[in-house]
Amino acid sequence: MSLRTPLCDLLGIDYPIVQSGMGGVAGPELVAEVSKAGGLGIVAGLELPPDRVREAIRAVRRLTDRPFGVNLWLHSEMRPPIDMSAIPEARVRSVQNTLNGFRERLGLPATQARPASLPDVIDAAFEVVLEERVPVFSIALGNPSADMVRRCHERDIKVIAMVGSVEDARTVVGAGVDAVVAQGSEAGGHRSTWVKTSRAEGVATVALVPQVVDAIRAPVIAAGGIADGRGLVAALALGAQGVMLGTRFVATRESAAPEFRKKAVLEAESEATTLTDSVTGLWARYLRNTFVAEYDASGAPVLPALVQAHAAHDIFAAAARRQDPAWLPMATGQSVGLIRDLPGAGEVVETIVREARAVLAGLARLAPPGARP
């Protein structure tokens, strides 16, 4: 039973399965395995300088000749990076005072310093994507200009953009993108908006996807809460032409995530995730741990996009060294409750395809031949 959709023809892939370009997870090995299995792997380019983006692209090409993508953020506070001097001193002090309480418990030195400025690398990284003629340019947390899309199309680069609302879907289609990822609120990681809202809540996948499908003409890729073949079939039933998975690919052998994070994913239930802006300053879904729970409870403000994460970098680095999941933020979607094994990434693609075909066959048996709806 074929699972080929027009999205497969657009991206040059065998199956409508896309791996999310997750920072700290989606390195060349993971990307190549997904692409070799017939899906679309996407390299995480967040905050990478252009030379490292180029290295990652060429590393993928050494491993496979199949299509793949590179993901960059285009958030309004990162392109260009926010002026650090514009952040009120009282806000920096309040954030650092809260973090100092954590530092004391971890044996780290206290600080009141402003975090370092964010690297101004997005435009240079985009130029690398163009120069290397990466098959797919993937956009998170941002609205591409029509000129960016045009420059990609001149080099036969397809463009996909992730959104969390119908309005944003219309906007990116207006810029000319080739496909839109409709990210439901169940998804792990950041809400894919380019301006932070005052509320964390979004629209769930099962409600968002058909609305986006109805609103635009471009192919729609469903994301959020999907980890197996049942999710793929459900997404297709909602009108999507494919799915994007993140958390499922965290728990794979090729994932660049540390082993203790993979273990946390395998042991967690869906209820263990929460939406918070305490990690990066932007709304995102993480596993609830000591850092997230206590920062949220403190009532402290947060700094702008990713500046918050830079302020807490020493805490996160210490947690990573100690393999301590209590203090290391772990972006995780609600599909985590479906994940209980650690296969290879290619096996994930193959399993989803097999499961989806079995589901479709089962649904076909429910309707007698010639039956009318």
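As a reminder, the structure under discussion sits directly above these lines.
These figures come from a predicted structure and were not determined experimentally.

K.L.:
Can you tell me about the packing of aromatic side chains, naming the residues and giving the values?
P.N.:
Tallying each qualifying case throughout the model produces six aromatic pairs. Seen in terms of ring centroids, Phe-102 and Trp-327 are 5.1 Å apart; in terms of plane orientation they differ by 55°. Their pairing is tilted. With Phe-102 in helix 4 (residues 89-106) and Trp-327 in the loop between helix 14 (313-322) and helix 15 (345-366), the pair connects residues that are 225 residues apart, well separated along the chain. The buried category is assigned to Trp-327, whose relative accessible area is 7%. An aromatic cluster is built from Phe-102, Phe-291, Tyr-295, Phe-316 and Trp-327, whose rings are joined through pairwise contacts. We note Lys-196 situated over the ring of Trp-283; from NZ or CZ to the ring centre the distance is 5.3 Å.

K.L.:
Break down empty space enclosed by the protein for me, with residues and values.
P.N.:
In this structure the tally under the stated criterion is three cavities of 30 Å³ or more. By volume, the largest cavity is sized at about 60 Å³. Contributing to the lining of the largest cavity are His-75, Leu-141, Arg-191, Thr-193, Lys-196, Thr-197, Leu-282 and Trp-283. Here the lining of the largest cavity is built from residues that sort into three nonpolar, three polar and two charged. Residue lining of the second largest cavity: Gly-45, Leu-46, Glu-47, Leu-48, Leu-72, Trp-73, Met-78, Val-121, Ile-122 and Ala-125, and that is the complete set. Only strand 3 (68-73) and helix 5 (122-132) provide two or more residues apiece to the lining of the second largest cavity.

K.L.:
Give a description of the side chain of Gln-183 that names residues and reports values.
P.N.:
Inspection of the secondary structure assignment puts Gln-183 in strand 6 (residues 179-183). Side-chain polar atoms of Gln-183 contact the backbone oxygen of His-190, separated by 2.8 Å. Residues contacting Gln-183, with those up to four places away along its chain left out, are Met-162, Val-163, Gly-164, Gly-188, His-190, Arg-191, Ser-192, Val-203, Leu-208 and Ala-223.

Definitions and limits used
Residues numbered from 1 in each chain as written. Predicted model: local features only at pLDDT ≥ 70, side-chain atom pairs only at ≥ 80, totals over all residues. Heavy atoms only, no water. Phe/Tyr/Trp six-rings, centres within 6.5 Å; stacked < 30°, edge-to-face > 60°. Helix = DSSP H or I, 4+ residues; strand = E, 2+ residues; numbered from the N terminus. Buried < 20%, exposed > 50% of the residue type's maximum accessible area, 1.4 Å probe, protein only. Lys NZ or Arg CZ within 6 Å of the ring centre and 35° of its normal. 1 Å grid on protein atoms, 1.4 Å probe; cavity = no way out; pocket = protein on both sides within 12 Å on 5 of 7 lines; lining within 4 Å. Points joined across faces, edges and corners; volume = space filled by probe spheres on them. Nonpolar A, V, L, I, M, F, W, Y, C, P; charged D, E, K, R; others polar. Polar contact = N/O pair within 3.5 Å; in protein donor to acceptor, adjacent residues only side chain to side chain. Contact = heavy atoms within 4.5 Å.

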